[in-house]
Structures are given as C-alpha cells and as structure tokens.
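Structure at a glance
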Amino acid sequence: MKFFPDGYKPILSERETERAIKLVKDIFERELSGALRLSRVTSPLFVKSGSGINDDLNGIERPVRFEIGNMNNSKMEIVQSLAKWKRMALADYNIKPGFGLYTDMNALRPDDDIDAIHSIYVDQWDWERVLGDSERNLEMLKSIVRDIYSALKRTEFLVHETYSALTPILPENITFIHSEDAYERYPELTPSQREYELAKEYGAIFLIGIGAKLKNGEVHSGRAPDYDDWSTPTDEKHKGLNGDIIVWDSVRQSSLELSSMGIRVNKEALLRQLEEKNALERKELYWHKRLINGEFPETIGGGIGQSRLCMFLLKKAHIGEVQASVWQDEAHEEAKKLGFKLF
C-alpha cells in the first residue's frame, strides 16, 4: 500500500503545522457557532452500555467497552459519536427553535480502517440545532448546509491570509445531488467511485439520501436507523433528509468527506427505519422510549471532522500529519523517506 502521492512535499513545517491546526480550529469553531447560533457545551467521553445513547453509525461497529470497578462494575462504552446524546441534551437544556449546541467530540472507532484519511481516533465538532414546526423539510436541510459551507469558505480564506501558500480551492457554491441521481448518472460505478467523479467535477457536493435504498435495491452508504431520517420521501422519486458534505482533495486527487449530517428521526421515521433494519427491539431502550414518548424536540445535526478539515485546508496527504494516533509501520517509513514524520 502506498500512503503518499508521488512527489508529495508538505507546504508547512511540523512546527508551522501545529500552529496552523489551532488556527483552523479556532476560526472554524467561531464561524460555525455564529452561522448556526450554537452554544458550546461539555460532552461525555463514555456512556452507559445498553442505554441506546451511543451512536451505532452503520449499525455494525463495535464500541469500546469497559467496567467501573467502584460502581458495582457498571458497564460503560466509549462514544462513537454523539448523534443521540446531543438531542437529549437539547431537551434537557430546553433549547428553543433556531438555536442549538456544539461540542468537541473525541471518540474511538476500532472497526474503522486505518489509511491516509481514516483513523480509529475520531475528533469532530458534533452539533445539533432545534427545528421549528415548519422546518422539517429538504429546503431547511439545504439552508443549513449552505451556512456550514459558508463557514468553511471563510475559514479557508482566513487561513490563506496567514499562510499565503495555502491557496483557496473551494468553489463559490456547493452543489446538491441526490444519491439516486448519482446512481442513475453512474450506474456502473461503486458509490465511492461516484463520489470521486462528482467531487472532481464540482469541487464540493452535498450528497443527499444516505441510507435509503436506491433503485437497484442497494444503499449508497449505510446509516443506523435511529438518528438521521433517510426514509422520508422528499418527492415521488427521492427519499432522505440527510447527507454528506464531500470536497475534492487536490493533494490526494480524490474525494474527501468532511461532514455527515441530517434532519433527525421523528417517531414515525424511527419506527419505520427500525422495522426496515429488523431492529424494532431498540424501541425498548431508554433513549428510544424518550423519543417515542415525545420528550425530544425536532432537530437537525451532524458531525464535522476536525482532523479531516485541518488535513484539507493545510494541504496534507495523510491524516497522521495533523492527528496523533496509531499508524502502520509502512506509513511511518514512507513519511520518513519523504522528510517528515507522522504524529
């Protein structure tokens, strides 16, 4: 396996990179919270096993579990993301429509791949915002995506102001494409190959309907049934009130997902999706009971990868250049030969 493009050389030194990482995070956090009217909150690193609060991602990943010895061996698990915890927090904080919260989320996902863009350590801005009574629709989803994209564009510009060699490349606008339309356009390609072609053509896309079955009976990519709403019809052809922000990575010459987000399930969507995934037993879990009982507000939310964003804006070829984690020996050796090291 080759980890770096031919002729790759980092633009910033290791010391410059450390300072630039803080700059990116400080700017984007401010821009995101201002654009979406989000307040920062403290979030957990672990939650109780069996509560239904942890994020199941695609529904198959194993969370890291442990026991607390001086609490009668209570079983806990490291979060994989905070998709469901945030919604519970919005209810408990009594946040009003049009406002929300965000947090620095740190997670472990031991089943993730380890390569140039994947790590078992995940750091992201997890955010969630309360919807008004008439905002559960595709246009609201697109409006929020545009706000996030504007925050990305402003961050890219301000980073360039400090480090002039980091030339902005994001297009003026993000392009919206439904996964069904992507399939019809490229039926012979795999989902990842479709993302590659579309990101290369447009520079930045929001791919809608992640988790819903396409015309061929397959899904573009898996989603757990109990956070994003991927099954609600948006018209006679399309389903889904969720999606991914994907950009063209000019360094790796490939597509790069920066964010997964969407309008969250209501009672009807939750039960429909649990049934489709043969997971109706989850409705007896603590979190799911609270949703079914009407204790949670209608929300929209998602996660934005911190290391992924730093990697993209700082023109890095490997996520290990901006994040301390575990990497293959071969990746370390290849980086060393190119004159730098991975964290």
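Above this text you will find the structure in question.
The text that follows walks through the structure, step by step, so that each part is easy to find. In this text the structure is predicted, and so the values were computed from the model without any measurement.

Another point: the sheet that holds strand 2 (residues 46–48). Ordered in space as 2-4-3, the three strands form an open sheet in which the pairing is antiparallel. Two strands bound the open sheet, and with one partner strand each, they are strand 2 and strand 3 (65–68). Strand-to-strand twist in this sheet, taken as the mean axis angle between neighbours without regard to direction, amounts to 40°.

With that settled, consider the packing of helix 1 (residues 14–36) against helix 8 (residues 306–313). The interhelical angle for the contact between helix 1 and helix 8, taken along N-to-C directions, is 115°, at an axis separation of 10 Å. Considering their axes alone, helix 1 and helix 8 lie roughly perpendicular with respect to each other. The handedness of the crossing between helix 1 and helix 8 is right-handed. The segment helix 1 lies against helix 8, with I21, V24, K25 and F28 engaging Q306, L309, C310 and L313. When the residues that make up the contact of helix 1 with helix 8 are grouped by side-chain class, the tally is six nonpolar, one polar and one charged.

With that settled, consider the pairing of strand 4 (residues 74–78). Looking at chain direction, strand 2 and strand 4 are connected through three bridges and run antiparallel. Each residue of the ladder has a partner; that of V47, found in strand 4, is E77. Both strand 3 and strand 4 contribute to a ladder of four bridges, which runs antiparallel. The partner of E67 across the bridge, within strand 4, is K75. Once strand 3 ends, the chain turns through five residues before running back antiparallel as strand 4, passing N72 with a positive phi of about 55°.

Rules of the game
Starting afresh in each chain, residues are numbered from 1 along the sequence in its written order. Under the rules for a predicted model, residues below a pLDDT of 70 receive no local features and side-chain atom pairs below 80 are neither given nor counted, while totals for whole chains, interfaces and linings still include all residues. To obtain the side-chain values, all non-hydrogen atoms of the structure were used and water was disregarded. Here, any two strands with at least 2 DSSP bridges between them count as paired. Numbering of helices and strands runs from the N terminus, with a helix taken as a DSSP run of H or I at least four residues long and a strand as a DSSP run of E at least two residues long. An axis is simply a line fitted to the C-alpha atoms; with a helix, the fit covers only the stretch in contact. Between two such axes, the angle follows the N-to-C directions and lies from 0 to 180 degrees. Each angle receives one of four descriptions, namely roughly parallel if under 35 degrees, roughly antiparallel if over 145, roughly perpendicular if within 65 to 115, and oblique otherwise. By definition, turning the near helix anticlockwise from the far helix through less than a right angle yields a left-handed crossing, and turning it clockwise yields a right-handed one. In this description, contact between two residues means that some pair of their heavy atoms is separated by no more than 4.5 Å. Basically, the charged four are Asp, Glu, Lys and Arg, the nonpolar ten are Ala, Val, Leu, Ile, Met, Phe, Trp, Tyr, Cys and Pro, and anything else, Gly included, counts as polar.

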